[in-house]
Amino acid sequence: MKNLKTFLIKTKNMELITTHICKASEIGVHGNMFGGTMMALIDESAAAYAAQLCDTPRIVTIKIEELVFKKPVKIGNLMKIYGKVIEFGNSSVSIYIEV
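Conventions and cut-offs
- Residues numbered from 1 in each chain as written.
- Predicted model: local features only at pLDDT ≥ 70, side-chain atom pairs only at ≥ 80, totals over all residues.
- Heavy atoms only, no water.
- Helix = DSSP H or I, 4+ residues; strand = E, 2+ residues; numbered from the N terminus.
- Buried < 20%, exposed > 50% of the residue type's maximum accessible area, 1.4 Å probe, protein only.
- Contact = heavy atoms within 4.5 Å.
- Areas by Shrake-Rupley, 256 points an atom, 1.4 Å probe, with all protein chains shown as cover.
- Pairing = 2+ DSSP bridges.
- Polar contact = N/O pair within 3.5 Å; in protein donor to acceptor, adjacent residues only side chain to side chain.
- Salt bridge = Lys/Arg side-chain N within 4 Å of Asp/Glu carboxyl O.
- Patch = residues over 30% accessible without salt bridge, like charges linked within 9 Å, V, L, I, M, F, W, Y side chains within 5 Å.

### Concerning the overall build of the chain
Stage number 1. Of regular secondary structure, the chain possesses 2 helices and 3 strands.
Stage number 2. Of the regular secondary structure in the chain, the N- to C-terminal order runs α-β-α-β-β.
Stage number 3. Here the chain holds 99 residues, and the buried ones make up 23% of them.
Stage number 4. Long-range contacts, defined as pairs at least 24 residues apart, comprise 67% of the intrachain contacts of the chain with a sequence gap of at least 6.
Stage number 5. Per element, the accessible surface of the chain, about 7600 Å² overall, is 55% carbon and sulfur.

Below you can see the structure in the form of structure tokens.
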């Protein structure tokens, strides 16, 4: 129950962007999802979120400041990707993403 409470507190101000089920084709030799696959999923989700916020499909990723892999993702795991806006600029938006 403590983990659920922590989860609800952390995602309180975040919006659910998408969900993804890990498939066998995304798994490496160690039995975990490839880090590059996870990074691509995060990048695509952030771009979709930014496109929705800015009401345009013309979105590019300029920088990913930090990516920390805390737990391995196994086949069949359901990943929920949440995001929130950190800052709006004149021609940019900074987004925080958490899986």
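### Describing the pairing of strand 2 (residues 78-88)
Stage number 1. Judged from the 6 bridges that link them, strand 1 (residues 15-21) and strand 2 form a sheet pairing that is antiparallel. Of the residues in strand 2, the one forming a bridge with His20 is Met79.
Stage number 2. As paired strands, strand 2 and strand 3 (residues 93-98) are joined by 6 bridges and run antiparallel to one another. The partner of Glu87 across the bridge, within strand 3, is Ser94.
Stage number 3. The hairpin formed by strand 2 and strand 3 contains 4 residues between the paired strands.

### Some remarks on the side chain of Glu98
Stage number 1. Looking at where Glu98 falls in the secondary structure, it is placed in strand 3.
Stage number 2. Side-chain polar atoms of Glu98 contact the side chain of Tyr96, separated by 2.6 Å.

### Considering the side chain of His20
Stage number 1. Structurally, the position occupied by His20 is in strand 1.
Stage number 2. Since its relative accessible area comes to 16%, His20 is described here as buried.
Stage number 3. At 2.9 Å, the side chain of His20 and the side chain of Glu26 are in polar contact.
Stage number 4. When neighbours within four sequence positions are excluded, His20 is seen to be in contact with Glu26, Met33, Leu41, Asn77, Leu78 and Met79.

### As for the pattern of salt bridges
Stage number 1. The tally for this structure, following the rule as stated, stands at 2 salt bridges.
Stage number 2. Between Lys63 and Glu65 there is a salt bridge, with the nearest N and O atoms lying 3.8 Å from each other. Accessibility classification places Lys63 together with Glu65 in one group, the exposed group.

### Section: a nonpolar patch on the surface
Stage number 1. A surface patch of nonpolar side chains, about 350 Å² in accessible area, is lined by Met39, Ile64, Leu67 and Phe69.
Stage number 2. Positionally, Ile64 belongs in the loop between helix 2 (35-54) and strand 2.

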